[in-house]
Amino acid sequence: FTDIRNFTSISEKLTPDEAAVLKHSPGVVLVIVSYTVVVQIPGRASGPLDFHPASTGSGFLYRPDGYLITNSHVVEDANLKDLQARDDHLKSIHSNILRWVQAKLKSTGRPPLTVAEARVLRISASDPQIRVYLANKNYFRGEIKAYSDPTGINGGKDVAIIKVDANNLPTVKLGDSNAIRPGDPLVVIGYPGAVSPLSGFDMISMESALVPSVTNGHVSAVKTDYKGTPVIQSDAAITHGNSGGPGFNAAGE
């Protein structure tokens, strides 16, 4: 990271909103869960087909020794300690495999699967890996340290704590959620992946996919969910990939 004197010089030329984004973005991270699937089609001499599915989300570092928070549904495929999660992951692979195989065969000009071939596919999959990218494009392997199920599964809080093997990392400042009021300004920083090559699309470059996006809004209401847990409603624009990312108040918390 640049010398703090350089940051001070730059920040004097920026609007308050621009300076806040520059200050807080380093603590916001991109979270990617990826794995490899290999499919063999008995009877075909063309060799196995390989696939590299990935899902993306956001997160934020709250301790400089590599602890970060994200949503559980962002990393649920990598929750290998949970037998139910592992089983759900394998079921997801099997439910998508025919579509993946047919699409790859078509793209390479090979004949589609026959009904008989579809019944005898040999499928193997690697364990999912978590990669955590910092705003400076460095990345680390992540490990799940704490996990609460997504809200639709066993009524969890959809929060996971991930650890990366690094120190002296930039962090975000945690605020007091009890002090939030409707109408308060809100800034959301994250990595929406709706058109990202990391999510299977190619509308933006890979380099751009590693640049955090910023949206502004306000707190619409403070409510409780169906379990009685306080939740914050806002009108800041977010989409797939923003999950797990932070919202900042006017004080940068």
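Please read these numbers as outputs of a predicted model, since none were measured by experiment. (Residues numbered from 1 in each chain as written. Predicted model: local features only at pLDDT ≥ 70, side-chain atom pairs only at ≥ 80, totals over all residues. Heavy atoms only, no water.)

Engineer: Which residues make up the overall build of the protein chain, and what values go with them?
Structural biologist: Scanning the protein chain from N- to C-terminus turns up 6 helices and 13 strands. Relative to its 253 residues, the protein chain shows a buried fraction of 35%. Of the contacts formed within the protein chain by residues at least 6 apart in sequence, a portion of 67% connects residues at least 24 apart. (Helix = DSSP H or I, 4+ residues; strand = E, 2+ residues; numbered from the N terminus. Buried < 20%, exposed > 50% of the residue type's maximum accessible area, 1.4 Å probe, protein only. Contact = heavy atoms within 4.5 Å.)

Engineer: Any details on the pairing of strand 10 (residues 185–190)? Residues and values, ideally.
Structural biologist: Where strand 10 lies against strand 11 (residues 213–224), 6 bridges are found, and the strand directions are antiparallel. For Val187, the partnering residue across the bridge sits in strand 11 and is Asn216. Across 2 bridges, the pairing between strand 10 and strand 13 (residues 247–248) is antiparallel. Residue Val188 lies in a different strand from strand 13, and its bridge partner there is Gly247. (Pairing = 2+ DSSP bridges.)

Engineer: Describe in detail the side chain of Ser72, supporting the description with residues and values.
Structural biologist: By the element assignment, Ser72 lies in helix 3 (residues 72–75). The class of Ser72 is buried, set by a relative accessible area of 0%. One polar contact links the side chain of Ser72 to the main-chain carbonyl oxygen of Ser148, over a distance of 2.4 Å. Here Ser72 is in contact with Tyr147, Ser148, Asp149, Pro150, Asp158, Val159 and Ala160, once residues within four sequence places are set aside. (Polar contact = N/O pair within 3.5 Å; in protein donor to acceptor, adjacent residues only side chain to side chain.)

Engineer: Could you give an account of the environment of Leu174, with specific residues and numbers?
Structural biologist: For Leu174, the position within the fold is in the loop between strand 9 (160–164) and strand 10. The spacing of Leu174 and Glu253 is 79 residues in sequence and 5.2 Å in space, taken between C-alpha atoms. With sequence-adjacent residues up to four places away left out, Leu174 is seen in contact with Phe60 and Glu253.

Engineer: With reference to specific residues and values, describe the environment of Asp176.
Structural biologist: Examined against the element boundaries, Asp176 turns out to sit in the loop between strand 9 and strand 10. C-alpha of Asp176 to C-alpha of Glu253: the two residues are 77 residues apart in sequence and 8.3 Å apart in space. Reaching out from Asp176, the side chain makes a polar contact with the backbone nitrogen of Asn178 at a distance of 3.0 Å.

Engineer: Which residues make up the sheet that holds strand 7 (residues 129–133), and what values do they have?
Structural biologist: Two modes of strand pairing occur in sheets, parallel and antiparallel, and in both the strands are linked by backbone hydrogen bonds. Strand order in the closed barrel formed by 6 strands is 1-4-5-9-8-7, with antiparallel pairing between adjacent strands. Within the sheet, the average angular offset between the axes of one strand and its neighbour, ignoring direction, is 40°. Pairing of strand 8 (residues 139–147) with strand 9, which is carried by 5 bridges, proceeds in the antiparallel orientation. In the strand pairing of strand 9, Ala146 is matched with Ile161. (Axes fitted to C-alpha atoms, helices over the stretch in contact; angles between N-to-C directions.)

Engineer: Describe the layout of surface pockets, and please don't skip the residues or the numbers.
Structural biologist: If you add up the space inside the largest pocket, you get close to 1,700 Å³. Considering the residues around the largest pocket, the lining is formed by 45 residues, among which Phe60, Ile232, Gly245, Pro246 and Gly247 are closest to the centre. Only strand 5 (67–70), strand 10, strand 11, strand 12 (230–234) and strand 13 provide two or more residues apiece to the lining of the largest pocket. Take the lining of the largest pocket: its biggest share by element is 5 residues, from strand 12. Tallied by class, residues from the lining of the largest pocket come to 19 nonpolar, 18 polar and 8 charged. (1 Å grid on protein atoms, 1.4 Å probe; cavity = no way out; pocket = protein on both sides within 12 Å on 5 of 7 lines; lining within 4 Å. Points joined across faces, edges and corners; volume = space filled by probe spheres on them. Nonpolar A, V, L, I, M, F, W, Y, C, P; charged D, E, K, R; others polar.)

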